[in-house]
Amino acid sequence: MLLEDIRGTNLYMAWPEMSIDQRQKAGLAVVDVWAQLMRLRFGAIGSINSPGNDAETFYVGPMTFMPTTIGKAAPPPRSKCGPFSCARDWLLALARRDMAFRREAPLKEEERSLMMPVISDIKAAPLPYLDNNEASDPSPWSMNVLFHVDLGAYNIMVDNDDPTIITGVIDWEGHVFSSRLSAPHITQPDELGALEQLRCLMERTLLDAVPEWAKLITECREARVLYTRAAMSTAEPRNVRVIDRIF
C-alpha cells in the first residue's frame, strides 16, 4: 500500500468561503481530474492487483469493494469478481449479485423473480460492443477506464491558500477499472450547490476534453439502461431510473 501526505482541506469545506471566480476555477480543475481518468485505458474490468509486495507493477485482477456497513455480511467470493474481459460478462455478474456482500439470509423469491428478466435481457441484448474489449474494438463504448467510485467533493483536496488548486484525491480503496457505460454522471455540482452557469461550463469543458463521453449519453442509452437495471436487479422496475445528463 502506498501512502502519501496530502496537505490542504477538502473542496466541500472550502466551497462556502470561495468567490464566484474561485468556484469556477475549482470546478474546471475538477473537470480536468475526470478527463485525466477518462483517458486512461485498461484491457479488462476489475481492480488493481499487485504480485506479492511488488508496488512497482500491477495487473487488472478481481474487483475490490468498499467496506460494508451491513452487520455480518460476508465479502463476495473472489472467484466471481472478475476480471471480466467484456462488458456483458460484467453486467451479468452485477445482475446476479455475484459481487454483492453476502447476507445471512438468501435472496427472497420476489427478489429472484425481479432479477431473472434483467439477466435474460442482458443475455439477449443485440449490442455487439458488450462482447468486445478495447483490443478488438477501440470504440468509446468498449473502453474500460479508471473510476474512483467516490470522487465527491469530500475526497478532493485543495490548497489552503488557493482553493482553486487541487492538491490530491483521497480514498481510492474502492476504485475499479470499469466500462465507461457505468458512470457518465458526475455529482460534484449537486453536492456543492453549484449554479447552473457553472454546471453548464463544466459540462462543455469536459466534452471538449473527452468528446466521446457525449456518445455515452446519446448513442449508448440502451446499454446504460441495462447497466442501471443490472445494478438494481432486485428493485421494482418503477424505481429504476437512468440519468440522462453528465452533471
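About the cut-offs
Within any chain, residue numbers begin from 1 and follow the written order of that chain's sequence. With the structure being a predicted model, the display of local features is reserved for residues of pLDDT at least 70 and the display and counting of side-chain atom pairs for 80 or more, all residues being used for whole-chain, interface and lining totals. Computation of side-chain values covers all heavy atoms of the structure but excludes hydrogens and water. Think of it this way: any DSSP run of H or I at least four residues long counts as a helix, any run of E at least two long counts as a strand, and we number them from the N terminus. Contacts are residue-level and defined by heavy atoms, with any inter-residue pair within 4.5 Å sufficient. Geometry of aromatic contacts follows a simple scheme: Phe, Tyr and Trp rings, the Trp one being its six-membered ring, pair when their centres are within 6.5 Å, and the pair is stacked under 30 degrees between planes, edge-to-face over 60, tilted otherwise. Buried means the residue's accessible area, taken with a 1.4 Å probe over protein chains only, is under 20% of the maximum for its type, while exposed means over 50%, and partly exposed covers the values in between. Here a patch means residues that are over 30% exposed by relative accessible area and free of salt bridges, tied together within 9 Å if like-charged and within 5 Å if nonpolar (Val, Leu, Ile, Met, Phe, Trp, Tyr). Using the Shrake-Rupley algorithm and a 1.4 Å probe, accessible areas are obtained, with residue cover drawn only from the displayed protein chains. One speaks of a salt bridge when a side-chain nitrogen belonging to Lys or Arg is within 4 Å of a carboxyl oxygen belonging to Asp or Glu. The predictor rates its confidence in each residue with pLDDT, a number between 0 and 100. Two strands pair under a simple rule: DSSP has to find at least two bridges between them. As used here, the term nonpolar core means buried Ala, Val, Leu, Ile, Met, Phe, Trp, Tyr and Cys residues forming a set that is joined through side-chain atoms within 4.5 Å. Angles here are taken between N-to-C directions and fall from 0 to 180 degrees, while the axes themselves are lines fitted to C-alpha atoms, restricted in helices to the stretch in contact. Here the angle decides the label: under 35 degrees means roughly parallel, over 145 means roughly antiparallel, 65 to 115 means roughly perpendicular, and every other value means oblique. In this scheme the handedness of a crossing depends on how the near helix is turned from the far one: anticlockwise by less than a right angle means left-handed, clockwise means right-handed. Polar here means any residue other than Ala, Val, Leu, Ile, Met, Phe, Trp, Tyr, Cys and Pro, which are nonpolar, and Asp, Glu, Lys and Arg, which are charged; Gly is therefore polar.

A. Spotlight on the side chain of Ser178. Relative to the helices and strands, Ser178 is located in strand E7 (residues 176–179). Excluding its chain neighbours within four sequence positions, the residues that come into contact with Ser178 are Ile45, Trp90, Met143, Asn144, Val145 and Phe147.

B. Focus on the packing of aromatic side chains. Counted according to the given criterion, the structure contains four aromatic pairs. When the centroid spacing of 3.9 Å and the interplanar angle of 25° are considered together, the rings of Phe42 and Phe177 count as stacked. Residue Phe42 is found in the loop between helix H2 (20–39) and strand E2 (47–49), and its partner Phe177 is found in strand E7; the two are separated by 135 residues along the sequence. On the basis of relative accessibility, which here comes to 14%, the residue Phe42 falls in the buried class. Taken together, the aromatic side chains of Phe42, Phe58 and Phe177 make up a single cluster linked through ring pairs.

C. Structural view of a nonpolar patch on the surface. Where nonpolar side chains cluster on the molecular surface, the patch consists of Tyr12, Met13 and Tyr154 and spans about 330 Å² of accessible area. The residue Tyr154 is located in the loop between strand E4 (144–147) and strand E5 (156–158) in this model. For Tyr154, a relative accessible area of 48% puts it in the partly exposed group.

D. Summary view of the confidence of the model for the protein. Looking at the protein, pLDDT values average 83 and 83% of them are 70 or higher. The secondary structure element of the protein with the lowest average pLDDT is helix H5 (residues 188–192), at 61, and the one with the highest is helix H4 (residues 109–124), at 95.

E. A look at helix H8 (residues 221–231). Ala223, Arg224, Leu226, Thr228 and Ala230 are the residues of H8 that are buried. Each element contacted by the buried residues of H8 is listed here: helix H3 (87–95), H4 and helix H7 (212–218).

F. Fine view of the sheet that holds strand E1 (residues 9–10). The strand order across the open sheet formed by three strands is E1-E5-E6, and the pairing between neighbours is antiparallel. This sheet does not close on itself; its edge strands, each paired only once, are E1 and strand E6 (166–169). By the bridge criterion, three bridges tie E5 to E6 in an arrangement that is antiparallel. Its bridge partner lying in E6, Ile156 is registered against Val169.

G. Here's a closer look at the nonpolar core. Counting 55 residues, the largest nonpolar core has Leu11, Trp34, Met38, Trp90, Met99, Ile122 and Leu130 as the members making the most contacts within it. The greatest single-element share of this core, amounting to eight residues, is contributed by H2. Sequence-distant contacts of Ile122, that is, excluding residues within four places in its chain, are made with Arg88, Leu91, Leu92, Ala95, Leu226 and Ala230.

H. Region of interest: the pairing of E4. Of the two faces of E4, the one holding Asn144 and Leu146 and the one holding Val145 and Phe147 are both buried throughout. As defined by bridge partners, E4 adjoins E7 across four bridges and the pair is classed as antiparallel. Residue pairing for E7: Leu146 is matched across the bridge by Phe177.

I. Representation of the environment of Leu195. Along the chain, the position of Leu195 falls in the loop between H5 and helix H6 (196–209). It is 9.6 Å that separates the C-alpha atoms of Leu195 and Ile20, two residues lying 175 residues apart in sequence.

J. Structural view of the packing of H4 against H8. At their nearest, the axes of H4 and H8 sit 10 Å apart, and the two run at 150° to each other. Relative to H8, the element H4 lies roughly antiparallel. Crossing hand, H4 versus H8: left-handed. Between H4 and H8, the contacting residues are Pro117, Val118, Asp121 and Ile122 on the first element and Leu226, Arg229 and Ala230 on the second. For the contact of H4 with H8, the class distribution of residues is five nonpolar, no polar and two charged.

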